[in-house]
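Below, each chain spelled out in residue letters.
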Amino acid sequence: MGFSDTRFNVNLSILFTELPLLERPAAARAAGFTAVELWWPWVDAPVPEQAELEALRDALNDAGTRLVGLNFYAGRLPGPDRGALSVPGEESERFRANVPVAIEFARSLGCTTFNALYGNRVEGVSPEEQDRLALENLAFAARAVAEVGGTLLIEALNAPESPACPIVSAPKAIEVVDAVNAATGLGNAKFLMDLYHLSMNGEDLEEVIDRCTGKTAHVQIADNPGRGAPGTGELDFDALLDRLKKAGYDGWIGLEYKPGDAPSASSFAWLPAPLRAAK
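Quantities reported herein were computed from a predicted structural model and do not represent experimental measurements. Position numbers for residues count from 1 along each chain, tracking the sequence in the order it is written. Totals for whole chains, interfaces and linings use all residues, but because this is a predicted model, local features are given only for residues with pLDDT of at least 70 and pairs of side-chain atoms are given and counted only at 80 or more. The basis for the side-chain values is all heavy atoms of the structure; hydrogens and waters are excluded.

## Here's the deal with the overall build of the protein chain
- Secondary structure counts use DSSP, requiring at least four H or I residues in a row for a helix and at least two E residues in a row for a strand, with both numbered from the N terminus. Along the protein chain, the regular secondary structure elements total eight helices and eight strands.
- Relative to the globule expectation of 19 Å for 279 residues, the C-alpha radius of gyration of the protein chain, 18 Å, shows essentially globular dimensions.
- With the C-alpha coordinates aligned to their principal axes, the bounding extent of the protein chain is approximately 50 × 45 × 35 Å.
- To sort residues, take the accessible area from a 1.4 Å probe on protein chains only and compare it with the maximum for the residue type: under 20% means buried, over 50% means exposed, and anything in between is partly exposed. Looking at the 279 residues of the protein chain, the share that counts as buried comes to 54%. Just to be clear, the radius of gyration here is over C-alpha atoms, and the globule rule we use is 2.2 Å times residues to the power 0.38.

Given below as structure tokens:
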């Protein structure tokens, strides 16, 4: 595989998880990567202790790794949750409490790109009520992100693995992106195109790339089946990433795959070491 002009980053919430959180930035750097992204690391703490935030900031800086993407609080990831912002009550409140904390933490590291996961449907609450709450919270987040010149990402998950999540197709995610931008007038909500999730949905990846790249601000990859490294499944990443470039995408490609049973560092054989550092 080539990828000589592609900007890769490593998701430290799915790779290097055999190590404690604070050791993962250095491990990614030792593997040759200089850019990383994270799900919200404290699944039970939307507002963690300042010392924990500072320790992670120091670990990223000391390793020489740049944070290029951060999820807002989304509940238990990995686990049964798929987001928080559409879930009434405590989870919605946790999301709102997390927004300024996450923005300040990321901003201090030069990161202004934030993923806001929608959340599962819940019993006893109508889809319409959840969608109204979601739009309110997404608009709140988009306005907060705009204060640091940032981007709010809306991601489509996949229906087989997330059957209770309503955002499980590219068209639905784009619909939410458009609704948020209409509500705020800011235009800073964008699509997070995760090719693994879209493939699991059975979507035509080439068609999605052609239609949605103009509204896309981040891309994530994992092979399918298996959610492993490129080359372990059936997806043609040479062709897909080339198509993205031709469609005008020049942003980050986040490696969000499972490394398998071996240590994470051994899962990058598909990508020559000189191509791993951020360009």
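## Some remarks on the nonpolar core
- Here, the term nonpolar core denotes a set of buried Ala, Val, Leu, Ile, Met, Phe, Trp, Tyr and Cys residues that are joined through side-chain atoms within 4.5 Å. Core analysis: the largest hydrophobic core is formed by 85 residues, its most contacted members being Phe8, Phe72, Phe191, Met193, Leu255 and Phe268.
- Here this core gets seven residues from one element, more than from any other, and that element is helix H3 (residues 90–107).

## Concerning unusual backbone geometry
- For the bond running from Leu77 to Pro78, omega is -10 degrees, close enough to zero to count as cis.
- Here Pro78 is to be found in the loop between strand E3 (66–71) and H3.
- Here Phe16, not a glycine, exhibits a phi torsion of approximately 65 degrees, which is positive.
- Positive phi outside glycine occurs at Arg227, with the angle close to 55 degrees.
- Positionally, Arg227 belongs in the loop between strand E7 (216–221) and helix H8 (237–246).

## Quick word on the packing of helix H7 (residues 205–212) against H8
- Every angle, taken between N-to-C directions, lies between 0 and 180 degrees, and every axis is a line fitted to C-alpha atoms, over only the stretch in contact when it is a helix. At their nearest, the axes of H7 and H8 sit 9 Å apart, and the two run at 15 degrees to each other. Classified by the angle their axes make, H7 and H8 are roughly parallel. By crossing handedness, the relation of H7 to H8 is classed as right-handed. Where H7 abuts H8, its residues Leu205, Glu206, Ile209 and Asp210 lie against Leu240, Arg243 and Leu244.
- Under the scheme applied, nonpolar residues are Ala, Val, Leu, Ile, Met, Phe, Trp, Tyr, Cys and Pro; charged residues are Asp, Glu, Lys and Arg; polar residues are all the others, including Gly. Within the contact of H7 with H8, the residues separate by chemical class into four nonpolar, no polar and three charged. Each angle receives one of four descriptions, namely roughly parallel if under 35 degrees, roughly antiparallel if over 145, roughly perpendicular if within 65 to 115, and oblique otherwise. In this scheme the handedness of a crossing depends on how the near helix is turned from the far one: anticlockwise by less than a right angle means left-handed, clockwise means right-handed. In what follows, a contact means two residues having at least one pair of non-hydrogen atoms within 4.5 Å.

## Quick notes on the pattern of salt bridges
- Every case where a carboxyl oxygen of Asp or Glu lies within 4 Å of a side-chain nitrogen of Lys or Arg is listed as a salt bridge. For the structure shown, the criterion picks out 13 salt bridges.
- For Asp131, the salt bridge is made with Arg121, and the minimal N-O distance between the two is 3.0 Å. Here Asp131, found in helix H4 (residues 127–146), pairs with Arg121, found in the loop between strand E4 (113–115) and H4; they are 10 residues apart in sequence, far enough to count as distant.
- With relative accessibility at 28%, the residue Arg121 sits in the partly exposed group.
- Ionic pairing is found between Asp242 and Lys246, a salt bridge with its closest N-O pair at 3.2 Å. Taken as a pair, Asp242 and Lys246 lie in helix H8 at a separation of four residues, close to a single helical turn.
- Taking relative accessible area as the criterion, Lys246 reaches 69% and is therefore assigned exposed.
- Salt bridges sharing common partners tie together Glu90, Glu91 and Arg94.

## Considerations on the side chain of Arg82
- Positionally, Arg82 belongs in the loop between E3 and H3.
- Charge convention: Lys and Arg are scored as positive, Asp and Glu as negative, and His as well as the terminal groups of each chain are ignored. With no salt bridge to any partner, buried Arg82 finds its closest opposite charge in Glu161, at an N-O distance of 6.5 Å.
- Pairs of N or O atoms within 3.5 Å make up the polar contacts considered here, provided that, within protein, one atom can donate a hydrogen while the other can accept it, and that residues adjacent in sequence are counted only when both atoms are side-chain atoms. Looking at Arg82, its side chain comes within polar contact range of the main-chain oxygen of Glu161, at 3.1 Å.
- Engagement of the side chain of Arg82 in a polar contact is seen with the side chain of Ser162, the distance being 2.6 Å.
- The contacts of Arg82, once residues within four sequence positions are left out, are Ala74, Leu77, Leu117, Tyr118, Gly119, Asn120, Leu157, Glu161 and Ser162.

## Notes on the packing of aromatic side chains
- Classification of ring pairs uses Phe, Tyr and Trp, with its six-membered ring standing for Trp, and accepts pairs whose centres are within 6.5 Å; under 30 degrees between planes counts as stacked, over 60 as edge-to-face, and the remaining range as tilted. Applying the stated criterion across every chain, the model contains 11 aromatic pairs.
- Between Phe8 and Trp270, the ring centres sit 5.7 Å apart and the planes meet at 85 degrees, which makes this aromatic pair edge-to-face. On the criterion of sequence distance, the pair formed by Phe8 in strand E1 (residues 7–11) and Trp270 in the segment after strand E8 (252–255) is long-range, its members being 262 residues apart. Across the pair, exposure class does not vary: Phe8 and Trp270 are buried alike.
- A network of ring pairs unites the aromatic residues Phe3, Phe8, Phe16, Phe33, Tyr257, Phe268 and Trp270 as a single cluster.
- Working rule: Lys NZ or Arg CZ, within 6 Å of ring centre, within 35 degrees of ring normal, means a charge sits over the ring. Lying across the ring of Trp252, Arg7 places its NZ or CZ 4.3 Å from the centre.
- For Arg96, the ring lying beneath its charged end belongs to Phe140, and the centroid distance is 4.3 Å.

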